[in-house]
Amino acid sequence: MIRKLLRRVFRRDAAPSGHLTSLPVARHGIRREHVSAAARRTCEGLQEAGFKAYVVGGAVRDLIAGIEPKDYDVATNATPDQVRGIFRRSRIIGRRFQIVHVLFGNETIEVSTFRAAHDADTLKDAHGRVLRDNVWGNIEEDAARRDFTVNALYYDPASETVLDFHHGVADLQQKTLRMIGEPRARYREDPVRMLRAVRLSSKLGLALDPAVKAPIREMAELMENVPPARLFDEMLKLLFSGHAVECVKRLRDEGLHHGLLPLLDVILEQPMGEKFVMLALTSTDARIRAGKPASPGFLFATLLWHEVLANWEARKKARQVAMPALYEAMDEVLATQAEKLAITRRIAGDIKDIWALQPRFEKRAGKSPYRLLEQLRFRAGYDFLLLRAESGEVDTELAEWWTEFQDASHDRREEMLQPDAGPKKSRRRTRSRGKKAEERAAEDGRPEAEP
Ligand code: ATP
Ligand code: MG
């Protein structure tokens, strides 16, 4: 045991940060057959043309950890134009730093040219966030500008060796997430690394090195300078990592949810909201882990629902007509989020569709239930209703009714329908104009036209 420890310490001394170690299969366990055929062929193509090429980053890390990589990145000393010239089915993408997408069947390999380390010329914002870094460099420099040691591994399928400049393999085997370089400086360059620390340590079951963890709380506010579109991408990765429940809890523990996500701020602090969000995240995690698709629209709809409810309630109290008030509440909640998180227009549309269906589930008389069944988004709306019932927001009886109704025979459906609220005449007498308009709008799922 002690000898093992000494060996480990010795090895660390022998290979200080930034020094190359070339590791054989016995040390990392990746055989070339484990690597996707497309990534292998990309490396082969580049190497045959005389360039260096390695599978790099998350894929190498995941293979060593025994996790199936989501996608593959290849790093090379060929320039994007040279890469483009080697592969018939490839295209150059990106403005800030060009990379090449190489296509094999339905797999896309992202090929990037080694990048140089930052220097005095690197353009930064007032808080030290790197705005542009588009200088090509060598492999050592490329490794040094990656975030965590476990992400700076380069695998060569031809020789089955891993190039490890920052003892990432040892860190991975010792289950530690360690930053390359000084964590505070690296967070200042790119605050998103704080989110990545939480996400990757949850995904891989790694402990945060104390130096990685310590500055997060005090530096969390730097997240405010991150462009909303970038934040949205990272949040999607986090929420769809299959470990969202753990990630969100840890964001809270690290003080990263404040400001970062107004939605988490508010929701996690109200008991009903928290229960609902956690149920939604749990079910998303289960879907992802079972390899099933999960939709961002649905998940964001759940994350923001209690915000919408609170906003809607306030409007109804102020005597606004229910359906238009719901639409205004939806818009306001989405607009508030947009300041921090650039929810794409398409996803925002999905979110609104799901929300707008909810009041329609309350109507169980006449033709409304039939019309609701025909809605394109019925399934998502119904799944959403199930979560609301499970969290205690609506009666489980309502959810059960819909579970039965959607698959019932015509006769059974007719039996299930609730009686209409009496003859039309008396309704006209007892209800106000506003109320009637509101009901019509609810049935159509859209706000009534402005007078
Ligand atoms: P995932 O499992 O989500 O794909 P990943 O580590 O592969 O995790 P990517 O966003 O695919 O994440 O990034 C690929 C690689 O690029 C990383 O492994 C890392 O080497 C490097 N990288 C990504 N984001 C950063 C960053 N913010 N700072 C430095 N290096 C980064
Ligand atoms: Mg990746």
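Residues numbered from 1 in each chain as written. Chains lettered and ligands numbered in written order. Predicted model: local features only at pLDDT ≥ 70, side-chain atom pairs only at ≥ 80, totals over all residues. Heavy atoms only, no water.

Quick look at helix H3 (residues 37-48) now. Between the first and last C-alpha of H3 there are 16 Å, a value that for 12 residues agrees with the 16 Å anticipated at 1.5 Å per step. Within the span of H3, buried status applies to Ala38, Ala39, Thr42, Cys43, Gly45 and Leu46. Summarising the axial view, the buried residues of H3 lie within an arc of 160 degrees, below the 170-degree limit, and thus occupy one face. Check the buried side of H3 and you find it contacts strand E2 (53-56), strand E3 (73-76), helix H5 (80-86), strand E5 (99-104) and strand E6 (107-113). Just beyond H3, the residue with positive phi is Gly50, at close to 95 degrees. (Helix = DSSP H or I, 4+ residues; strand = E, 2+ residues; numbered from the N terminus. Expected span 1.5 Å × (residues − 1). Buried < 20%, exposed > 50% of the residue type's maximum accessible area, 1.4 Å probe, protein only. Arc of directions from axis to C-beta. Contact = heavy atoms within 4.5 Å.)

Before going further, it helps to spend a moment on the packing of helix H15 (residues 271-289) against helix H20 (residues 378-390). At a minimum axis distance of 9 Å, the contact between H15 and H20 shows a crossing angle of 130 degrees. Viewed along their axes, H15 and H20 adopt a mutual orientation that is oblique. When the axes of H15 and H20 are compared, the crossing they make is right-handed. Mapping the contact onto sequence places Lys275, Phe276, Leu279 and Ala280 in H15 and Phe384, Leu387, Arg388 and Glu390 in H20. Split by residue class, the contact of H15 with H20 holds 5 nonpolar, no polar and 3 charged. (Axes fitted to C-alpha atoms, helices over the stretch in contact; angles between N-to-C directions. Parallel < 35°, antiparallel > 145°, perpendicular 65-115°, else oblique. Left-handed = near helix turned anticlockwise from the far one by under 90°. Nonpolar A, V, L, I, M, F, W, Y, C, P; charged D, E, K, R; others polar.)

Turning next to the pattern of salt bridges. Considering all chains together, one arrives at 28 salt bridges under this definition. Residue Asp350 pairs with Arg346 through a salt bridge whose shortest N-O separation is 3.7 Å. In this pair, Asp350 and Arg346 both sit in helix H18 (residues 345-357), 4 residues apart, roughly one turn of the helix. Here Asp350 falls in the buried class, since its relative accessible area comes to 15%. Arg346 sits in the exposed class, given a relative accessible area of 60%. Among the salt bridges present, the one from Arg388 reaches Glu393, with a minimum N-O distance of 2.8 Å. Put simply, Arg346, Asp350, Asp353 and Arg377 are held in one network by salt bridges that share partners. (Salt bridge = Lys/Arg side-chain N within 4 Å of Asp/Glu carboxyl O.)

Attention now moves to the packing of aromatic side chains. Evaluation of the coordinates by the stated rule reveals 15 aromatic pairs. Seen in terms of ring centroids, Phe298 and Phe384 are 5.8 Å apart; in terms of plane orientation they differ by 85 degrees. Their pairing is edge-to-face. Here Phe298, found in helix H16 (residues 296-317), pairs with Phe384, found in helix H20; they are 86 residues apart in sequence, far enough to count as distant. Each member of the pair, Phe298 together with Phe384, is buried. (Phe/Tyr/Trp six-rings, centres within 6.5 Å; stacked < 30°, edge-to-face > 60°.)

Counting 98 residues, the largest nonpolar core has Val55, Leu239, Leu281, Phe300, Ile343 and Trp355 as the members making the most contacts within it. Sort the elements by how many residues they give to this core and H16 lands first, with 10 residues. Split by domain, the residues of this core number at least three in each of domain 1 (2-193) and domain 2 (256-420). In terms of nonpolar packing, the next biggest core, distinct from the first, is built from 17 residues, Phe361, Leu385, Trp402 and Phe405 among them. (Core = buried A, V, L, I, M, F, W, Y, C linked by side-chain atoms within 4.5 Å. Domains from an automatic or database assignment.)

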